[in-house]
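Residue-level structure breakdown
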Amino acid sequence: MGAYTEEETLDKLSKLYIPSEIDQMLPLIREINRLKKEKNAVLLGHNYMTPDVFYGISDIVGDSLYLSKMAGETDADIILFNGVHFMAETAKILSPDKKVLIADLKAGCSLAESITRDDVKALKAQYPGVPVVTYVNCSAEVKAETDVCCTSANAQFIVDSLDSDTVIFLPDEYLAQNVQKNTKKKIISHPGRCMVHEMYTPMDIEITRQRLGGDVTVISHPEYSREVVDRSDFSGSTSQMIDFVRSAPSKNILLITECSMGDNLRMEFPEKHFVSTCQTCPHMKKITLEKVRDALLEEKFEIHLDPEIIRLAKNSVTRMLELSYNKK
Ligand code: 13P
Ligand code: SF4
């Protein structure tokens, strides 16, 4: 079984899906869990996976920071990443000797697509000596040009840890703005945006607060604009958002991030009332039970990276993990 037993999975899925849908999912969930054992595979699942993938088959679930850490620590022979391509690449960078698979190679990311290695080289030439921090939502080639990576869980901390008054921060301009407001360092950014998180405005928060009579805790991801984040009670990585729900004072939670996380949390916290978004990430949604079953069965689609790119990119990813988890 995955992170949840079959009983727990069924209990959770029955709160969201009708019985005939669960009847269709269950044989696939069982087949995938059998294949995992047979092939000594571990399935990592991002918090934006749909509930069937999240609760039914993923062995380890979390945000991109935690999943990166776990990808580097597993002793499984195969890592299958239920997430997007840059996450599977990060797993390959940290576990280059393992077979790393993703169920659909087209599961990309608008942020990762917004920047190339040449763009980073051009910025480095324009600002010689200025350290480059890149959000993990970028290709392995971009990571190879980077001094240190960050995720939404540690962006502020990583920027502040650098011994420089100026920092190049790529590729998410909104995350850069949200870091900028809390640091004295000058941030040089790039116009990359998440296609899901750029959709929502401060007005969405204002109107929802009014509708719920003020008794609402607003939680947002830092890939939103500064105006949205400033109007939230808390902003953090997907796992930090989940932790905040645990201690949120109000019953009503306005959860502004990708759609499936609202579904997953509704099942995890039945005592809370979630108002959430129905905007899905089309890339994350490419990962389905059928495709995961086929990927495991045929051991496809494998992530291949140039060894030199792995060597360079590994420096920036491990530096982030060492700083974040305080290891030397
Ligand atoms: P987290 O690192 O917060 O899990 O976010 C990854 C992501 O792609 C959000 O859109
Ligand atoms: Fe990329 Fe946005 Fe999808 Fe996250 S939600 S994977 S940042 S496009």
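Here's a quick rundown of the structure. These numbers were taken from a predicted model, which means no experiment stands behind them.

1. Some thoughts on the sheet that holds strand β10 (residues 234-235)
Strand pairs in the sheet, formed through backbone hydrogen bonds, run parallel or antiparallel to each other. Spatially, β10-β9-β11-β12 is the arrangement adopted by the four strands of the open sheet, whose pairing is parallel. The open sheet is flanked by β10 and β12 (273-276), the only strands paired with a single partner. Examined bridge by bridge, strand β9 (residues 217-220) and β10 share two bridges and lie parallel to one another. Considered in β10, the bridge of Ile219 is made with Phe234. Where helix α11 (residues 202-211) meets the sheet, its contacts fall on β9, β11 (252-256) and β12, and the angle it forms with β11 comes to roughly 165°. Each of β9, β10, β11 and β12 touches helix α13 (residues 238-247); the most contacted strand, β9, lies at about 165° to it.

2. Topic: empty space enclosed by the protein
By the definition in use, this model includes three cavities of 30 Å³ or more. What the largest cavity holds in volume is close to 230 Å³. Contributing to the lining of the largest cavity are 24 residues, with Tyr48, Met87, Asn137, Glu223 and Met284 lying nearest its centre. By volume, the second largest cavity amounts to about 40 Å³. If you go around the second largest cavity, the residues you meet are Ser64, Leu67, Ser68, Phe81, Phe86, Met87, Thr90 and Val136. Looking at the lining of the second largest cavity, the elements with two or more residues in it are α4 (64-73) and α5 (85-94). Considered class by class, the residues forming the lining of the second largest cavity number five nonpolar, three polar and no charged.

3. Things to note about the site of ligand 2
By nearness alone, every residue bordering ligand 2 is listed as Tyr48, Val84, Cys109, Ser110, Leu111, Asn137, Cys194, Met195, Val196, Glu223, Cys281 and Met284. When atom positions are compared with the pocket grids, ligand 2 is found to occupy the largest cavity. The residue inventory of the shell around ligand 2, partitioned by class, reads nine nonpolar, two polar and one charged.

4. Digging into the pairing of strand β1 (residues 41-46)
In terms of burial, β1 is largely enclosed, as six of its six residues are buried. Residues Ala41, Leu43 and Gly45 of β1 are buried on one face, and the alternating residues Val42, Leu44 and His46, pointing to the opposite face, are buried as well. As paired elements, β1 and strand β3 (residues 78-82) share five bridges and run parallel to each other. Looking at β3, one finds that Val42 is bridged to Ile79. Across three bridges, the pairing between β1 and strand β2 (residues 60-62) is parallel. Among the inter-strand pairings, Leu44 is bridged to a residue of β2, identified as Ile60. The parallel pair β1 and β2, bridged by helix α3 (residues 51-56), forms a crossover whose chirality is right-handed.

About the cut-offs
Residues numbered from 1 in each chain as written. Chains lettered and ligands numbered in written order. Predicted model: local features only at pLDDT ≥ 70, side-chain atom pairs only at ≥ 80, totals over all residues. Heavy atoms only, no water. Pairing = 2+ DSSP bridges. Helix = DSSP H or I, 4+ residues; strand = E, 2+ residues; numbered from the N terminus. Contact = heavy atoms within 4.5 Å. Axes fitted to C-alpha atoms, helices over the stretch in contact; angles between N-to-C directions. 1 Å grid on protein atoms, 1.4 Å probe; cavity = no way out; pocket = protein on both sides within 12 Å on 5 of 7 lines; lining within 4 Å. Points joined across faces, edges and corners; volume = space filled by probe spheres on them. Nonpolar A, V, L, I, M, F, W, Y, C, P; charged D, E, K, R; others polar. Near = heavy atom within 4 Å. Sits in = over half its atoms within 2 Å of the grid points. Buried < 20%, exposed > 50% of the residue type's maximum accessible area, 1.4 Å probe, protein only. Right-handed = clockwise from strand over helix to strand, strands pointing away.

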